[in-house]
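So you can see what is in the structure, the chains are spelled out below.
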Amino acid sequence: MSDSTGYFDYAASNPLWPEAQAATVEAMTVIGNPSSTHGFGRRVRKITDGCRKATADFLGVSPTGVIFTSGATEANNLAVFGLLRPVLEGFPDRRVSVLVSVLEHSSVSDSLRALAGESGHRLILGEMTLTEDAKVDLGDIEKTIGPDTVLVCLTAADNILGSIQPLAEVGELVGIERERRRRDGEELPLYLMSDAVQAAAWLPLKPQEWGLDAMVISGHKTGGPKGVGALWLNPETVGGKPNPLVFGGGQERGWRSGTENLPAIAGMAAALGKAVEIRETESRRCLGLRQRLIAGLSGTVPKMRVLGAPESGSLPGTVYLHVPETAGDVLAVRLDAGGFAVSAGSACDSGQRRPPAVLKAVYGDAVFRWGGVRVSFGRFTGEGDVEGLIRVFGRL
């Protein structure tokens, strides 16, 4: 990226790594279709399989469960419908429930609502409660998981406040209920899925160790190209007949038909490698930048409030700022005019022009009414950028 000065929206899209760009361009020149059996096709298949292994290594899983998609939105849709439709078809006379939080991306929550509508009210959506630091309440989940629960959806890290969610602990609770069902001879499955898009660039992910059945990551949120993502489905628990959204040639083990987008896949695989390489050092550096930003703004904007859990577990590169009686989208426009790109919410929901729902769930109507701005940074963010943002913010 030639000039990232003033860019504070890494949570919306991470600048492309040079290594990812090089891998993408190189893959564009490779001739052949990975489904072809001749030498050219086998060469493409070998490259694709190498990228699948790199993606699996990033997640600490077997390549068998990795499915490439057009992005995280498709992957989340595929996970929701792919896990739940067989349950609804296999237990046609039973009402079942899903636990979901307000933290979820719309590609998860909207998919669940659509499937609930299709099911004729046999699929009930139950909402997890949140603590004051914008994390799911483990005690509430323990009490709410019941004999009819078939899916728990929990993002690895909130895309607005950056709060890191207790996935491993939720996995333990899900495991307890699974064990009870095995012991009692109950056949109804219970799945745990996670949208890990925001967490992938910052945190080691261990979906199989944590007891997950599905996890989703995105290419461009880790410095890869846009338009590519990956879904991991646990082959030990999600077996049998595939449940695709896209039909055709049966690529990706039947889960996602269509010729694989090798250039984008290669770029994402390269970016995932870079994310692992710099994760620890960048986390420490960005934590320091975040602390400087909060300290500087606290001195220049006395009414400002930091939302989320910056001291008790949030992504190093994300901070959400609320100024009473000042609309978040107004702040974002003013900062943009001053040369600084921030967000008033998720980029995918920006057309709705309303504050993120998580604000109402955690902080109530007073904060929700006005919203705030999400400031997110990464590898190109320097101390000078932070000092400049503090100065401009103080003049608003």
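Preceding this paragraph is the structure being described.
The notes below deal with the structure included here. Source: prediction; values computed, not measured.

With that settled, consider the overall build of the protein chain. The helix and strand inventory of the protein chain stands at 11 helices and 10 strands. For the protein chain, the C-alpha radius of gyration of 21 Å lies close to 21 Å, the compact-globule estimate for 396 residues. Principal axes of the C-alpha set define a box for the protein chain whose edges measure 60 × 55 × 35 Å. Classification of the 396 residues of the protein chain by burial places 56% in the buried group. Long-range pairs, those at least 24 residues apart, make up 74% of the contacts in the protein chain between residues at least 6 apart in sequence. Looking at the protein chain as shown, the accessible area adds up to about 17,000 Å², and 52% of this sits on carbon and sulfur atoms.

As a further point, take the packing of helix α2 (residues 39–59) against helix α7 (residues 262–300). Relative placement of two packed helices is described by the angle separating their axes and the distance separating the axes. Orientation of α2 relative to α7, taken along the N-to-C sense of each, is 30°, at an axis distance of 9 Å. Between α2 and α7, the interaxial angle falls into the category roughly parallel. Like other packed secondary-structure pairs, α2 and α7 cross with a definite hand, here left-handed. Residue-level inspection shows V44, I47, T48, C51, A54, T55 and F58 of α2 in contact with α7, the latter providing L262, I265, A266, M268, A269, L272, A275, V276 and R279. Tallied by class, residues from the contact of α2 with α7 come to 13 nonpolar, 2 polar and 1 charged.

Once that is clear, we can look at the nonpolar core. By size, the foremost hydrophobic cluster in this structure holds 86 residues, and its most contacted members are L205 and V375. Residue contributions to this core peak at 13 residues, all from α7. Apart from residues lying up to four places away in sequence, L205 is in contact with F58, L59, A196, A199, A200, W210, M215 and I217. Grouped together as the second largest cluster of nonpolar side chains are 32 residues, I67, L78, A79 and V100 included.

What follows concerns the sheet that holds strand β3 (residues 123–127). Overall, mixed pairing links the 7 strands, which are arranged β1-β7-β6-β5-β4-β2-β3 in an open sheet. In the strand order of this sheet, the two ends are held by β1 (66–69) and β3, each with one partner. The mean inter-strand angle of the sheet, taken between neighbouring strand axes irrespective of direction, is 20°. Sheet contacts for α2: β1, β6 (214–218) and β7 (229–233); angle to β1, the most-contacted strand, approximately 110°.

The next point concerns the pattern of salt bridges. Counted under the stated rule, the structure contains 20 salt bridges. In this structure, R181 engages E177 in a salt bridge whose closest nitrogen and oxygen atoms are separated by 2.8 Å. With a gap of 4 residues between them, R181 and E177 both fall in helix α6 (residues 167–184), about one helical turn apart. Classification of E177 as buried rests on a relative accessible area of 10%. Among the charged side chains, a network of salt bridges with common partners joins E177, R180, R181, D184 and E186.

Here 3 strands make up an open sheet; going across it, the order is β8-β9-β10 and the pairing antiparallel. With one partner strand each, in any of the chains shown, β8 (305–307) and β10 (373–376) form the two edges of the open sheet. Looking at each pair of strands side by side, their axes are set apart by 35° on average, direction ignored. Sheet topology note: the β8/strand β9 (residues 318–322) ladder contains 3 bridges and is antiparallel. The residue of β9 that forms the bridge with R305 is H322. Contacts from α7 reach β8, β9 and β10 within the one sheet, and its direction differs from that of β9 by about 15°.

What follows deals with the side chain of H322. With respect to the secondary-structure elements, H322 resides in strand β9. Of the polar contacts made by the side chain of H322, one reaches the backbone oxygen of G371; its length is 2.7 Å. Once residues within four sequence positions are removed from consideration, H322 is found in contact with K303, M304, R305, L307, V367, W370, G371 and G372.

Rules of the game
Residues numbered from 1 in each chain as written. Predicted model: local features only at pLDDT ≥ 70, side-chain atom pairs only at ≥ 80, totals over all residues. Heavy atoms only, no water. Helix = DSSP H or I, 4+ residues; strand = E, 2+ residues; numbered from the N terminus. Rg over C-alpha atoms; globule rule 2.2 N^0.38 Å. Buried < 20%, exposed > 50% of the residue type's maximum accessible area, 1.4 Å probe, protein only. Contact = heavy atoms within 4.5 Å. Areas by Shrake-Rupley, 256 points an atom, 1.4 Å probe, with all protein chains shown as cover. Axes fitted to C-alpha atoms, helices over the stretch in contact; angles between N-to-C directions. Parallel < 35°, antiparallel > 145°, perpendicular 65-115°, else oblique. Left-handed = near helix turned anticlockwise from the far one by under 90°. Nonpolar A, V, L, I, M, F, W, Y, C, P; charged D, E, K, R; others polar. Core = buried A, V, L, I, M, F, W, Y, C linked by side-chain atoms within 4.5 Å. Pairing = 2+ DSSP bridges. Salt bridge = Lys/Arg side-chain N within 4 Å of Asp/Glu carboxyl O. Polar contact = N/O pair within 3.5 Å; in protein donor to acceptor, adjacent residues only side chain to side chain.

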